[in-house]
Each structure stands twice: as structure tokens, then as C-alpha cells.
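# Descriptive structure summary
Take a look at the letters that make up each chain.
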Amino acid sequence: MPTIGWDIGGVNTKLAHVHGGSVLSVLGRPYEIQRDPGALVPLLQEMRARIGAGDGMPHAVTMTAELSQCFRTKREGVRFVLDAVESAFPGAAIHVYAVDGRFLKPDDARAQPLSVAAANWADIGTTTTDLVPIAGGEIAAIGHTDPERLASGELLYTGVLRTPTEAIAHYVPLGDALAGVSAEGFALAGDVHVWRGDLDSADYSCPTPDGRPATREFAGERLARVVCADRDMLDETAITRLADALARAQIRTIQAAIQRVIEAHPSIRVAVVTGLGTFLGVAAARAAKLEVVPLSSELGDAGARCAPAVAVALLLERHSRMP
């Protein structure tokens, strides 16, 4: 039976439609749940209608939206998300993916919120980088909750869009010196990567810090403010040096985390990379001396960008075929 997979995040929601082990379609929508929690139900309904999926299909759900600041606890967030899914698709079979690989019914997931919270480890996305060690054909992750994964180095709060530049590096080149970085939220990682040409402006799906467009021109203006300057003070070469330094620092951070994981699992030789920030993963994995395999070679570019939604749908489909 065709299956729908959902990856419901705090700033992006993604859907995958699969059948017979093949990805039929995928769809992503930028949506910050804390700005308008009530919009989640109509968003889910609109997305399903957009891909032409009919009633009666099972839904596989994974989430990170429970960490949004609009919820006081993860328990509250998990309940809200599951209530929204059930309200959007009354009568549908809902299966919630847990960190131990099980699929839970919504009521069981509500009773075990930490088992389903942030169970979508997969990629370098807009906000975070997830490192999932696989050794001997088995997932060998040390951490399972977000705090555990942060402590193990398997979760990094650095992403291709939403990471403030001051969280990437404390100093950047300016003329013949290194300048301290302002901590005013003037620019994001998305500005760095749009300026350097690694990220398309159309993929800059979060609000820009100044509310201006996500074009290269305005990205340069935002980057200039990182050192409390402006484009009258910094030319293109100066902005490029600043952006290149920030990109290198982000790659070094990911590389260091990869090497930490490799130290615990020395048999690892290959990195499978996916997500909007695949180019960061490729650079970091190669710096760590790993062979790189893009997940897009298996799922296609669109499927790889929505990897958690695709994965949870394929897992549920496989689970439903088991005796």
C-alpha cells in the first residue's frame, strides 16, 4: 500500500509519498511552528492534497517540532504534533517512529514522548548536523535524546541556514588583522553560503536577520555587519574573505565531530551525506579522509533533501510487509 512519511520540524515540515520501495514524490514547506501553531493542521492537509495522496493511506511520523519554544516541555510538543496529525487526517492509521526503531501508536507515543522526540537523525539541514555511526551494519549511536547526542558529539547545532555567524567563528579576517565577530545576529550561515554560491537564494527558506531578500547582494550587506561595517567600507574581496573563513570554520567543526565519531568506531570508512547542507558534509567528510557517497545517488536530489520523511515512510512500508 502507498505510504506517507512526515518529518515535522520546528522550522520545516517535509512529506514523502512512497510505494513498493520507490519514492513517488516529496514536498517540503518552511513553517516556524512557534509563529503560528494553529497553522499546522491546514499545512498538513494542504501538503497531502498537493501530492495527490488519497485517504486511507498509513502515515509514518517523525518530528523535531517538540523542541520549539512555544512548548514548555517536549511532552507538550509531542502531544501537540500528534494531535495535529490526527486532526488533519481523522481515521487514518498513524505510526510514530521511535528512536529504538519501533513504530508506536499515537497514544503510546504520547505516553513515551522522549522515545519519539527528535528521532529523525539523518542529515545536515537548516539548523543542525546529525552524525549517525553505523558499524557492522548496525546503528552504533551513543546518544538517543538530544542532550545525549549533544554530549556524544553526534548532534551539532550548526546548519546551512539558521546558524548565526557568531556561533560559527569568533574571529574573521579583516584587512591585515583578525577582527572579533559581533554577537548581534546580523547574519546567518545562509548568507555565507549564498554569497559563496553554494546555496541558491530560493533555498534560503528562513527569515533573513534584516528582513531583506535572500539575494547575494543583501547577503553581502548582512555579512559586512558581522564586523560592524557596511558595503561602503568592505569591497567584494573583503566580504569573500570573511565568508570563506566562516565556511571553513563550519567545515572544521563538522570534521572534528566526524573524527570524534571515527575514534569510537575506527572501522568506519564511508560517509553517506544528505540534506540541504550536503556540500558541507562532503567537504567535512573528505577532510576526515572518508569516502563520500551522496544519498541522492539512491533517492534523487529531492528525496535526499527530505531524507527523514522518505526514510520513515520506507521503514513503515517495510515493517507492514513483515509477517
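Everything numeric in this text was worked out from a predicted model, so none of it was measured. (Residues numbered from 1 in each chain as written. Predicted model: local features only at pLDDT ≥ 70, side-chain atom pairs only at ≥ 80, totals over all residues. Heavy atoms only, no water.)

### Considerations on the overall build of the protein chain
- Helix and strand content of the protein chain: 11 helices and 14 strands.
- Relative to its length of 323 residues, the protein chain is compact, with a C-alpha radius of gyration of 20 Å against a globular reference of 20 Å.
- Reported as C-alpha extents along the three principal axes, the dimensions of the protein chain are approximately 65 × 45 × 35 Å.
- Split by element, the accessible area of the protein chain, about 15000 Å² in all, is 52% carbon and sulfur. (Helix = DSSP H or I, 4+ residues; strand = E, 2+ residues; numbered from the N terminus. Rg over C-alpha atoms; globule rule 2.2 N^0.38 Å. Areas by Shrake-Rupley, 256 points an atom, 1.4 Å probe, with all protein chains shown as cover.)

### Overview of the packing of helix H1 (residues 40-50) against helix H2 (residues 74-88)
- Contact geometry of H1 with H2 gives a least axis separation of 9 Å together with a crossing angle of 50 degrees. Put simply, H1 runs oblique to H2. As for how H1 packs across H2, the hand of that crossing is right-handed. Where H1 approaches H2, its residues Leu40, Val41, Leu44 and Gln45 are matched on the opposing element by Phe80, Val81, Ala84, Val85, Ser87 and Ala88.
- Residue composition of the contact of H1 with H2, grouped by class: eight nonpolar, two polar and no charged. (Axes fitted to C-alpha atoms, helices over the stretch in contact; angles between N-to-C directions. Parallel < 35°, antiparallel > 145°, perpendicular 65-115°, else oblique. Left-handed = near helix turned anticlockwise from the far one by under 90°. Contact = heavy atoms within 4.5 Å. Nonpolar A, V, L, I, M, F, W, Y, C, P; charged D, E, K, R; others polar.)

### Notes on the pairing of strand E3 (residues 22-30)
- Relative to E3, strand E2 (residues 12-19) runs antiparallel, the two sharing eight bridges. Paired with valine 18 across the bridge in E3 is valine 23.
- Counting the residues between successive antiparallel strands, the hairpin from E2 to E3 contains two residues, one of them, glycine 20, with a positive phi of roughly 60 degrees. (Pairing = 2+ DSSP bridges.)

### A word on the nonpolar core
- Counting 32 residues, the largest nonpolar core has Trp6, Ile8, Leu40, Leu44, Met63 and Val85 as the members making the most contacts within it.
- Of all elements in the fold, only strand E1 (3-8), H1, strand E4 (59-63), H2 and strand E5 (94-97) reach the threshold of two or more residues within this core.
- What leucine 40 contacts, discounting residues up to four positions off in sequence, is Ile8, Tyr31, Ile33, Phe80, Val81 and Ala84.
- One finds Leu199, Tyr204, Ala219 and Ile268 within the second-largest nonpolar core, a separate group that totals 29 residues. (Core = buried A, V, L, I, M, F, W, Y, C linked by side-chain atoms within 4.5 Å. Buried < 20%, exposed > 50% of the residue type's maximum accessible area, 1.4 Å probe, protein only.)

### Comments concerning the side chain of glutamate 317
- Considering the arrangement of structural elements, one finds glutamate 317 in helix H11 (residues 307-321).
- Looking at glutamate 317, the relative accessible area reads 3%, which means it is buried.
- Within the structure, glutamate 317 has its side chain in polar contact with the backbone nitrogen of glycine 21 (distance 2.7 Å).
- Excluding its chain neighbours within four sequence positions, the residues that come into contact with glutamate 317 are Met1, Thr3, Val18, His19, Gly20 and Gly21. (Polar contact = N/O pair within 3.5 Å; in protein donor to acceptor, adjacent residues only side chain to side chain.)

### Regarding unusual backbone geometry
- Its identity is not glycine, yet cysteine 228 carries a phi of approximately 60 degrees, on the positive side.
- Inspection of the secondary structure puts cysteine 228 in the loop between helix H7 (216-225) and helix H8 (236-264).
- One non-glycine residue, lysine 289, lies in positive phi territory at about 70 degrees.

### Some words on the pattern of salt bridges
- Here the structure, examined in full by the defined rule, presents 17 salt bridges.
- For glutamate 86, the salt bridge is made with arginine 110, and the minimal N-O distance between the two is 2.6 Å. Of the two residues, glutamate 86 sits in helix H2 while arginine 110 sits in helix H3 (residues 106-111), which places them 24 residues apart along the sequence.
- Taking the shortest distance from any N to any O, the salt bridge between arginine 222 and aspartate 210 comes out at 2.8 Å. Of this pair, arginine 222 sits in helix H7 while aspartate 210 sits in the loop between helix H6 (189-196) and H7, and the two are 12 residues apart along the sequence.
- The class of aspartate 210 is partly exposed, set by a relative accessible area of 30%.
- Connected via shared salt-bridge partners are Lys74, Asp130, Asp146 and Arg149. (Salt bridge = Lys/Arg side-chain N within 4 Å of Asp/Glu carboxyl O.)

### Overview of helix H9 (residues 278-287)
- Within H9 the residues assigned to the buried category are Leu280, Gly281, Val282, Ala284 and Ala285.
- Residues of H9 that are buried sit in contact with H6, H8, strand E13 (270-273) and strand E14 (291-294).
- Trailing H9 by a residue or two, lysine 289 shows a phi angle of about 70 degrees, which is positive.

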